[in-house]
Amino acid sequence: MLWRPLGIGVICGVLLALFTVVITEEFNILQVGVILIALLASVLGYLQYRYHALTNPSAFVANERGARLLKTGNLADAIRRFDHAIRTNPTLALFYHNRGLAYFGLGKWQLADDDFAQATICNPKSSMAFAMRATIAVILGHTHIALKHINHALAIDPSSIMAYALRGVIHQHNGNLHDALTDYRHCIMIDPYFAEAYLNLGTIQAKMGDRTQAIQTYTHLLTMRPDYALAYNNRAYEYALADDLSSALDDTNMGLQIAPSYASLYATRGVIYYLLTRYAEAVTDFEQAIRRRGNFHFAQIGLALSYYALGNAINREESLHIWHTLLKEHPRFQDVEWIMQAYSLPEAMRPHICEIIRMIAIR
């Protein structure tokens, strides 16, 4: 791009010289002077262009630099580049979209949403901007707004696999399991190797009570992705609920070989050890899960039950202390049916839950 001022100046000089020849019908010192002046003007223009390119980059140069910073995680610096690009050219959707991604990475949801909204104004056909607005709405818990945005994205691009996947998540969050199932299957039709769609499909099948189909879905996924620790975790839990504890234990051990820091695998194996009445091992695994995730209610429930099952007074006091902590966060931890359903717990855990809640109530 730097040659353009020089080239344009030369062309203009030549055209002016030719115009003079046409008028005077001769080539003289006038034409030479015109060309020399044009060349001098071109050199000055070139130097000025170089100065502005270095001290005041064009919108596209600023955007490209911002995009590189975005990829390396330098989000604040990236935003400053995108700010410059937008000031220089405030009508291009790409610049707003990129700045929105940077704000999204910083967790500044409103600023990100404002930028994606502006991107849709600049380019009403930007399905990705609508999808990002839907994602932010999901994060903020505004699922009805999210559904509107994602439907708009799919109206623009009916082949967007990520839009179907996101709409499946929204339907799943809203409890519309059949609609979620349809969207995940649509993802698989578009891309038969889309692992996350199989994972979510298995989750929905399990929630709908079709445990056999869920296990088959996870098994199919693991034939494609034998390194997918989360799939081992989910299949293990379904095996545990189906009372196939040997297969469940094998799956959690395999998953932990792949992802030794994955909290959910420790929690799932804790449940399996509990069901095998290996309560001390269950305590160890639930503690490992809590150490890795922190405020992990599923693991805290399992830990309280395992301590209670160990039987002596000290362990039972520890169990009641953990349950008191859960009750401070949510009073529904005194509702047995809610606990069983909300956390999809095995029926074998119900008696100890009832005993703990009864012991707390009489104190």
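Just so you know, these numbers come straight off a predicted model, no measurement behind them. (Residues numbered from 1 in each chain as written. Predicted model: local features only at pLDDT ≥ 70, side-chain atom pairs only at ≥ 80, totals over all residues. Heavy atoms only, no water.)

Moving on, we get to the packing of helix H5 (residues 93-105) against helix H7 (residues 127-139). As a packed pair, H5 and H7 sit with axes 11 Å apart at the nearest point and diverge in direction by 20°. Taken as axis vectors, H5 and H7 run roughly parallel relative to one another. Between H5 and H7 lies a crossing whose hand is left-handed. Residues His-97, Leu-101 and Phe-104 of H5 form the contact with H7, whose participating residues are Met-128, Ala-129, Met-132, Thr-135, Ile-136 and Ile-139. When grouped by side-chain class, the residues that make up the contact of H5 with H7 number 7 nonpolar, 2 polar and no charged. (Axes fitted to C-alpha atoms, helices over the stretch in contact; angles between N-to-C directions. Helix = DSSP H or I, 4+ residues; strand = E, 2+ residues; numbered from the N terminus. Parallel < 35°, antiparallel > 145°, perpendicular 65-115°, else oblique. Left-handed = near helix turned anticlockwise from the far one by under 90°. Contact = heavy atoms within 4.5 Å. Nonpolar A, V, L, I, M, F, W, Y, C, P; charged D, E, K, R; others polar.)

Before going further, it helps to spend a moment on the environment of Phe-82. Topologically, Phe-82 is positioned in helix H4 (residues 75-88). Taking the C-alpha atoms as reference, Phe-82 lies 9.4 Å from Phe-60; in sequence the two are 22 residues apart. Ignoring anything within four residues of it in the chain, the contact list for Phe-82 reads Asn-63, Gly-66, Ala-67, Phe-95, Asn-98, Arg-99 and Ala-102.

Further remarks concern helix H11 (residues 195-207). Along its 13 residues, H11 runs 19 Å from first to last C-alpha, staying within 8% of the 18 Å computed at 1.5 Å per residue. Contact partners of the buried residues in H11: helix H9 (161-173), helix H10 (177-190), helix H12 (211-224) and helix H13 (229-241). Just beyond H11, the residue with positive phi is Gly-209, at close to 90°. (Expected span 1.5 Å × (residues − 1).)

The tally for this structure, following the rule as stated, stands at 13 salt bridges. Measuring nitrogen to oxygen at the nearest pair gives 3.2 Å for the salt bridge that ties Arg-225 to Asp-227. The partner of Glu-337 in a salt bridge is Arg-350, and the shortest N-O contact between them spans 2.6 Å. Residue Glu-337 is found in helix H19 (residues 336-342), and its partner Arg-350 is found in helix H20 (residues 350-361); the two are separated by 13 residues along the sequence. Here Glu-337 falls in the partly exposed class, since its relative accessible area comes to 49%. Here the residues in one salt-bridge network are Asp-83, Arg-99 and Asp-115, joined through shared partners. (Salt bridge = Lys/Arg side-chain N within 4 Å of Asp/Glu carboxyl O. Buried < 20%, exposed > 50% of the residue type's maximum accessible area, 1.4 Å probe, protein only.)

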